[in-house]
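# Structural characterization, general
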Amino acid sequence: MLATREQELIALHAEHFSRIYQYIAYRINDRERAEELANDVFRIVWEKQPPEPPGVGWLIATARNVLGNEYKGRSRRDQLMQRLAEEARAQAVTTNDDEQQQASVAEILSRLKDRDREILMLSYWDDLTAAELAESLGCTPSAAAVRLHRARKAFAKAAPQHLMTEREV
């Protein structure tokens, strides 16, 4: 029975993935994220175990719900980044070097792409190991390492040089 169910899902995925992906991709401007969300639709099919394979209408309705959750998450992240940027600007008036550096880092983070900011915050602020990063991002440890490397490069590109050099004591 499990093999039959897997075969049905594979057939459903093969038949409808591109349509679901395009539905999502037209509504967000991130190809990789659109692919992840489209795959989430088929994960939901697997988890719900409907008695019959769902039609494209059901898949689109599920994709719409998945997109709604994505929009809510983006809105919450945007609000957080605005709050961080405001705090960074407010702290910029202080004279303490450490506080100014923290404010600068927060400002730079607010300008990065969501996925870069997320992995940097998980790695540095939440102090996750490579394995924990991979688990939280739903990818392999090597993919997490590549994403972290790219996010570090994006941060370094956006940061002023004085933040990227080690302070001498």
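The following refers to the structure shown. This is a predicted model, so every value here is computed, not measured.

### A word on the overall build of the chain
When helices and strands are counted, the chain shows eight helices and zero strands. Starting at the N terminus and walking to the C terminus, you meet the elements of the chain as α-α-α-α-α-α-α-α. With the C-alpha coordinates of the chain rotated into their principal frame, the extents come out at 65 × 30 × 20 Å. Across the 169 residues of the chain, 31% fall into the buried class. Taking contacts inside the chain between residues at least 6 apart in sequence as the whole, the part at least 24 apart equals 56%. About 11500 Å² of surface is accessible on the chain, with carbon and sulfur atoms providing 51% of the total.

### Concerning the packing of aromatic side chains
Applying the stated criterion across every chain yields a total of two aromatic pairs. Taking the centre distance of 6.1 Å and the plane angle of 20° together, the rings of F17 and Y21 count as stacked. Within this pair, F17 and its partner Y21 are both found in helix 1 (residues 2-25), separated by four residues, close to a single helical turn. On the basis of relative accessible area, F17 is assigned to the buried category, the value being 18%. With a centroid separation of 6.2 Å and 40° between ring planes, the pair formed by F17 and F42 is classed as tilted. Of this pair, F17 sits in helix 1 while F42 sits in helix 2 (residues 31-48), placing them 25 residues apart in sequence. For the pair F17 and F42, one class covers both residues: buried. In textbook terms, an aromatic cluster arises when at least three aromatic residues are bridged by ring pairs, as seen for F17, Y21 and F42. A cation over an aromatic ring shows up here: R27 above the ring of Y23, its NZ or CZ 3.8 Å from the ring centre.

### A few points about the nonpolar core
With 19 residues, the main nonpolar core has I20, I24, V41, F42 and L59 as its most contacted residues. Every residue in contact with I24, bar those within four places of it in the chain, is listed here: A34, L37, A38, V41, A63 and L67. Judged by nonpolar contacts, the second largest core, of 18 residues, contains L84, A134, L148 and A151.

### Some points on a negative patch on the surface
Taken together, the side chains of D126, D127, E132 and E135 present a region of like negative charge at the surface. Relative to the helices and strands, E132 is located in helix 6 (residues 130-137). The class of E132 is partly exposed, set by a relative accessible area of 36%.

### A closer look at the side chain of H16
Inspection of the secondary structure puts H16 in helix 1. Look at H16 and you get buried, because its relative accessible area is 12%. Setting aside residues no more than four positions away along its own chain, H16 makes contact with F42, V56 and L59.

Thresholds applied
- Residues numbered from 1 in each chain as written.
- Predicted model: local features only at pLDDT ≥ 70, side-chain atom pairs only at ≥ 80, totals over all residues.
- Heavy atoms only, no water.
- Helix = DSSP H or I, 4+ residues; strand = E, 2+ residues; numbered from the N terminus.
- Buried < 20%, exposed > 50% of the residue type's maximum accessible area, 1.4 Å probe, protein only.
- Contact = heavy atoms within 4.5 Å.
- Areas by Shrake-Rupley, 256 points an atom, 1.4 Å probe, with all protein chains shown as cover.
- Phe/Tyr/Trp six-rings, centres within 6.5 Å; stacked < 30°, edge-to-face > 60°.
- Lys NZ or Arg CZ within 6 Å of the ring centre and 35° of its normal.
- Core = buried A, V, L, I, M, F, W, Y, C linked by side-chain atoms within 4.5 Å.
- Patch = residues over 30% accessible without salt bridge, like charges linked within 9 Å, V, L, I, M, F, W, Y side chains within 5 Å.
- Salt bridge = Lys/Arg side-chain N within 4 Å of Asp/Glu carboxyl O.
- Lys, Arg positive; Asp, Glu negative; His and termini not counted.
- Charge placed at Lys NZ, Arg CZ, Asp CG, Glu CD.

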